[in-house]
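The lines below spell out each chain.
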Amino acid sequence: MIYSIKLALKSLWYEKWINLLTVITIGAGLFMLGLVSLFLLNIETASRKLPERFSITVFLKTDISKDDTGRIRRYLGENSMVQGISYISKKKALEELKSTLSNSAYILEGLNENPLFPSLVIKLKRTAFDRRGVESLIKKIRSLRGVDDLVYGEELLGSINKIRSLVKFLSAALIALFFAAIIFVCYSTVKILFYRRKEEIEIFKLLGATAGFIRGPFLIEGLVIGLLGGAFGGACLFGLYFLVERFIGSEFPLLLSLNLPPVLILALPVSGVILGVFGSSIAVGKLRF
């Protein structure tokens, strides 16, 4: 094992320009992957906050009793999706309408009676927010006795689900694309290194070296190249984030809302190691000794 490590390090230095180019290529790929992941993660985070603006307003019948109102509130409060329920009486609804109309509130002065409905405003939990669940809850509310009508942000609900679906699809597609490209780079590099050391390998074979002994240094080289590429990509990602936060953010305040999780930076070297070893394994596995 120690001898394999020495051979791998010797080869890395001897073929330093090829390996340097490979490290930069892998680093660039992982940097792009990290950059895309950064934006997708922040889009996903933003989409999770959208449900905070989502609410269901349930209009109750004007002649509903306090007991029936309490019954409906208790029933809805037991639902796992519901975070909170606010009751708005007819009187309070009229006051809010007058406040909203402000200077035009005089148009309500001629009313002989309050035409508004008492209502319940339902806020949902972010963790339990999904389209099917909300639509199921809507159906249950409509079927309750004492409910006249309800309104909810149907367009907002659709937008939230579309954003989340798009983010998941793009994440899977881009990760697969970049991973495949990086594996191919590692595979090609190890294959080139193998053929450049073919004479040396022939000597090892004559001395009775096993296939595992010959493959070992190449796997270690793939590991080191992947690690260095991942570290390079992570450093570039952190450097770009630092520059944006320190110098560019003042010009583009929206960029300051981006959050770079430390785990994302750490994931790049780890991904580099895994992909480097995997690409090297494919390369040496297909070679004939």
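Please refer to the structure higher up on the page.
Described below are features of the structure shown in this document. Every value quoted in this text rests on a predicted model; they were computed, and no experiment measured them.

Parameters and conventions
Residues numbered from 1 in each chain as written. Predicted model: local features only at pLDDT ≥ 70, side-chain atom pairs only at ≥ 80, totals over all residues. Heavy atoms only, no water. Helix = DSSP H or I, 4+ residues; strand = E, 2+ residues; numbered from the N terminus. Contact = heavy atoms within 4.5 Å. Areas by Shrake-Rupley, 256 points an atom, 1.4 Å probe, with all protein chains shown as cover. Patch = residues over 30% accessible without salt bridge, like charges linked within 9 Å, V, L, I, M, F, W, Y side chains within 5 Å. Salt bridge = Lys/Arg side-chain N within 4 Å of Asp/Glu carboxyl O. Core = buried A, V, L, I, M, F, W, Y, C linked by side-chain atoms within 4.5 Å. Buried < 20%, exposed > 50% of the residue type's maximum accessible area, 1.4 Å probe, protein only. Pairing = 2+ DSSP bridges. Axes fitted to C-alpha atoms, helices over the stretch in contact; angles between N-to-C directions.

1. A word on the overall build of the protein
When its secondary structure is counted, the protein shows nine helices and four strands. N-terminal to C-terminal, the α/β element order of the protein is α-α-β-α-β-α-β-α-β-α-α-α-α. At a minimum sequence separation of 6, the contacts of the protein that also span at least 24 residues come to 85%. Surface accessibility of the protein: about 17,700 Å² in total, with carbon and sulfur atoms responsible for 63%.

2. Some details on a nonpolar patch on the surface
Residues Trp17, Leu20, Ile24 and Phe232 make up a contiguous nonpolar surface patch of about 430 Å² in total accessible area. The leading source of residues in the nonpolar patch is helix α2 (residues 16-49), at three residues. Considering the arrangement of structural elements, one finds Trp17 in helix α2.

3. Here's the deal with the nonpolar core
One finds Ile56, Val58, Ile72, Leu76, Ile122, Leu124 and Ile141 to be the most contacted residues of the largest nonpolar core, which totals 20 residues. For this core, the elements supplying multiple residues, two or more each, are β1 (55-60), α3 (66-77), β2 (82-88), β3 (119-124), α5 (131-142) and β4 (147-152). Considering every element that reaches this core, the biggest residue donor is α5, with four residues. The contact partners of Ile122, leaving out residues within four places of it in the chain, are Phe54, Ser55, Ile56, Val58, Leu76, Val82, Gly84, Ile85 and Ile141. Counting 19 residues, the second largest nonpolar core, distinct from the first, contains Leu33, Leu38, Ile183 and Leu260.

4. Description of the sheet that holds β1
The strands making up a sheet are joined through hydrogen bonds of the backbone, oriented either antiparallel or parallel. Pairing in this open sheet of four strands is antiparallel, and the strands run β2-β3-β1-β4 from one edge to the other. At either end of the open sheet lies a strand with only one pairing partner, and these are β2 and β4. The sheet shows a mean angle of 20 degrees between the axes of neighbouring strands, taken without regard to direction. With six bridges connecting them, β2 and β3 associate as antiparallel partners. Bridge pairing links Ile88 to Ser119 in β3. Across the sheet, α3 lies against β1, β2, β3 and β4, angled at about 165 degrees from β2, the strand it touches most.

The analysis is restricted to geometry; functional conclusions fall outside its scope.
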